[in-house]
Amino acid sequence: MEANNQAQEDAGGLDASAAPEATPDPWAIGIYEGASPFQFFPHAGVANPVLTRRDVRDVAASFIADPFMIHTSDGWHMFFEVMNEGSGKGEIGLATSPDALFWTYQKIVLSEPFHLSYPYVFAWQDDYYLMPETLGARCVRLYRAVSFPSRWSYLGDLVRGLCADPSICYFAGRWWLFTCSTPTAHDTLRLHFADELRGRWFEHPQSPIVAGDVRTARPAGRILVQDNRVIRYAQDCHQRYGHQVRAFEVCELTPRDYAEKEDARSPVLSATGAGWNGKGMHHVDPHLTPEGRWLACVDGHQLP
């Protein structure tokens, strides 16, 4: 979330110099499920939200948001933005769970002099990586776990410039990176690609692949690669920032061509009008379970 006066409305860090007011309608984190990556509902086995700012014990938190989770042999690990009320900037918190349903907050695992949010965690070739939003550094920074899940080392920059909510995937032998380059307007989506994760990155010739559209531009969670399909989630900011999440299936993804279409079941998450997510939902991180269902961590914004 943005660390300025928009802190009550946003979940990407832009101006970490201005401390936010204590929000009366904080973001919190829930668990949803579904039969497909295009349909999600509150999980019947939990009482949402599963994590709130009150679970954070090591800093005073004004809200938590942007959850990403990953499963290992030790269980489930969730990384998320913690808005530090004292410093006025986001830091990355960690919670753990044996089943992805019931979570225990652990601690802050990553902090920088600038605002952090959107901690996109992924595994690659026996290593764990974290790619948070780092707008204050004006680049996409990559971290690798020194001791997973609590110790992270900065490896370097992938792409320079304003890059909100960087979302990465590996598909067809290449890495693809989606970023919003207009973090206050939320209306421009850029695409970069590389042969190697830490190799040279190139901007796609059709980039920006979305321009001037606040309904479909800003990333809203993990890019899914499933059965040779690529699914992209986008924040719909037309009514307000973080109101709902739309889903797009990528039809063409090559170094020369890009095309996508919105799924007929979109939007896949929306403000409910009441409770912990009454004002908005703007993030989803889905995972396919061995039983063939989808389990997702999401966030929601409460009505004042």
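Here, the structure is the one placed above.
So, here's what we can say about the structure. In this numbering scheme, every chain counts its residues from 1 along its sequence in written order. Residue-level local features of this predicted model are given only where pLDDT is at least 70; pairs of side-chain atoms are given and counted only at 80 or more, and the full residue set underlies all totals for whole chains, interfaces and linings. Here the side-chain values reflect all heavy atoms present in the structure, with hydrogen atoms and water set aside.

### Comments concerning the pairing of strand β19 (residues 258–262)
Within a regular beta strand, the side chains point alternately toward one face of the sheet and then the other, so they alternate between its two faces. The pairing of strand β18 (residues 244–253) with β19 spans five bridges and is classified as antiparallel. The residue bridging V250 from the neighbouring strand is E260, located in β19. Strand pairing requires that DSSP identify at least two bridges connecting the strands. Counting from the N terminus, the helices are DSSP H or I runs at least four residues long and the strands are E runs at least two residues long. Connecting the antiparallel pair β18 and β19 is a turn made up of four residues.

### Concerning the sheet that holds strand β21 (residues 284–288)
Reading across the sheet, the four strands line up as β2-β1-β22-β21 and stay open at both edges, with antiparallel pairing between neighbours. Here the strands that pair on one side only, and so sit at the sheet edges, are β2 (39–42) and β21. Looking at each pair of strands side by side, their axes are set apart by 35° on average, direction ignored. Only C-alpha atoms enter the line fits that serve as axes; for helices the fit covers just the stretch in contact. Angles between N-to-C directions range over 0 to 180 degrees.

### Examining the pattern of salt bridges
The salt bridge criterion pairs a side-chain nitrogen of Lys or Arg with a carboxyl oxygen of Asp or Glu, the two atoms within 4 Å. Overall, the coordinates contain 14 salt bridges when judged by the stated rule. In this structure, the salt-bridge partner of R293 is E33, at a minimum N-O distance of 3.9 Å. Of the two residues, R293 is situated in the loop between β21 and β22 (294–301) and E33 in strand β1 (residues 27–36); the sequence distance between them amounts to 260 residues. Judged by relative accessible area, R293 falls into the partly exposed class, the value being 37%. For every residue, the accessible area obtained with a 1.4 Å probe (protein chains only) is divided by the maximum for its type, and the residue is called buried under 20%, exposed over 50%, and partly exposed between those limits. E33 gets classed as buried once you look at its relative accessible area, which sits at 17%. When the shortest N-O distance is used, the salt bridge between K89 and E91 registers 3.4 Å. Residue classification places E91 among the buried residues on the basis of a relative accessible area of 7%. Taken together, the shared-partner salt bridges connect E133, D165 and R218 into one network.

### A short note on the sheet that holds strand β8 (residues 127–133)
Overall, antiparallel pairing links the four strands, which are arranged β7-β8-β9-β10 in an open sheet. With partners counted over all chains shown, the strands left at the sheet margins are β7 (117–124) and β10 (151–160), one partner each. Taken pair by pair, the neighbouring strands of this sheet meet at an average axis angle of 25°, ignoring direction. Relative to strand β9 (residues 139–147), β8 runs antiparallel, the two being bridged by two bridges. Note that in β9 the partner of Y129 across the bridge is R144.

### Digging into the side chain of H287
Relative to the elements of secondary structure, H287 occurs in strand β21. Among the residues examined, H287 registers a relative accessible area of 15% and is labelled buried. Not counting the four nearest positions on each side in its chain, H287 is found in contact with M69, I70, W76, R222, R293, W294 and L295. Contacts are residue-level and defined by heavy atoms, with any inter-residue pair within 4.5 Å sufficient.

### Let's talk about the packing of aromatic side chains
Ring pairs shown here join Phe, Tyr and Trp side chains whose ring centres sit within 6.5 Å, with only the six-membered ring taken for Trp; geometry is labelled stacked below 30 degrees between planes, edge-to-face above 60, and tilted in between. Evaluated as defined, the whole model comprises 18 aromatic pairs. With a centroid separation of 6.3 Å and an interplanar angle of 75°, the aromatic rings of Y120 and F122 are classed as edge-to-face. The pair formed by Y120 and F122 is uniform in burial state, with each residue classed as buried. Seen in terms of ring centroids, Y143 and Y154 are 5.8 Å apart; in terms of plane orientation they differ by 55°. Their pairing is tilted. A residue pair is termed long-range when its members are at least 10 positions apart, and Y143 in strand β9 and Y154 in strand β10 qualify at eleven residues. Classification of Y154 as partly exposed rests on a relative accessible area of 37%. An aromatic cluster is built from F68, Y118, Y120, F122, W124, Y129, Y170 and W175, whose rings are joined through pairwise contacts. R141 extends its terminal NZ or CZ atom over the ring of Y154, reaching a point 3.7 Å from the ring centre. Criterion for a charge above a ring: Lys NZ or Arg CZ within 6 Å of the ring centre, and within 35 degrees of the ring normal.

### Description of the pairing of strand β4 (residues 75–84)
Across the ten residues that make up β4, a large majority, ten, are buried. One ladder, built from nine bridges, connects strand β3 (residues 61–72) with β4; its direction is antiparallel. When the bridges of β4 are listed, M69 appears paired with M78. Following β3, the chain reverses through two residues before pairing antiparallel with β4.

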